[in-house]
Amino acid sequence: MRIRTIENKVAGIRQKLQEIGPMRPGSLNKQYTVCGKAGCRCVDSKNPRKHGPYYQLSYVHQGKSTTRFIRAQFVQEIKKELANYKKFRQLTEEWVRLSLECSSIRLESRRKSES
């Protein structure tokens, strides 16, 4: 791939990065729980019905693992932020890959011109 083509792709990545909205790392899980109280529907031997769903967000930031429960009304917003973070990571990985390729082309070009 020629350097100009790589630079154009990087410029496209920069543009896409500017368009990304709020983001957050992590994963969102739906959970159901059993409270264990006698007579509760969740411990019914014939037809147990667990409590929930409850949504749990888990992530690691600056080496610290964090878990938070998310209210149902915020689930779609959190999902969008998680998707934005995933897109951010994909774009930056592509940028790094292209930069490495461009650097290799430049070094190879210099090596050939010095020979």
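Residues numbered from 1 in each chain as written. Predicted model: local features only at pLDDT ≥ 70, side-chain atom pairs only at ≥ 80, totals over all residues. Heavy atoms only, no water.

### Quick notes on the overall build of the chain
- Across its full length, the chain holds 2 helices and 3 strands.
- Tracing the chain from N to C terminus, the helices and strands come up as α-β-β-β-α.
- Here the C-alpha atoms of the chain give a radius of gyration of 24 Å, more than 25% beyond the 13 Å that 2.2 N^0.38 yields for 115 residues.
- Across its three principal axes, the chain shows a C-alpha extent of roughly 85 × 25 × 25 Å.
- For the chain, restricting intrachain contacts to residue pairs at least 6 apart in sequence, the fraction spanning at least 24 positions comes to 57%.
- Accessible area of the chain: about 9,000 Å², with a carbon and sulfur share of 49%. (Helix = DSSP H or I, 4+ residues; strand = E, 2+ residues; numbered from the N terminus. Rg over C-alpha atoms; globule rule 2.2 N^0.38 Å. Contact = heavy atoms within 4.5 Å. Areas by Shrake-Rupley, 256 points an atom, 1.4 Å probe, with all protein chains shown as cover.)

### Comments concerning the environment of S27
- Looking at the secondary structure, you find S27 in strand β1 (residues 27-33).
- Between the C-alpha atom of S27 and that of Y59, which follows or precedes it by 32 residues, the distance is 6.6 Å.
- Setting aside residues no more than four positions away along its own chain, S27 makes contact with Q56, L57, S58 and L82.

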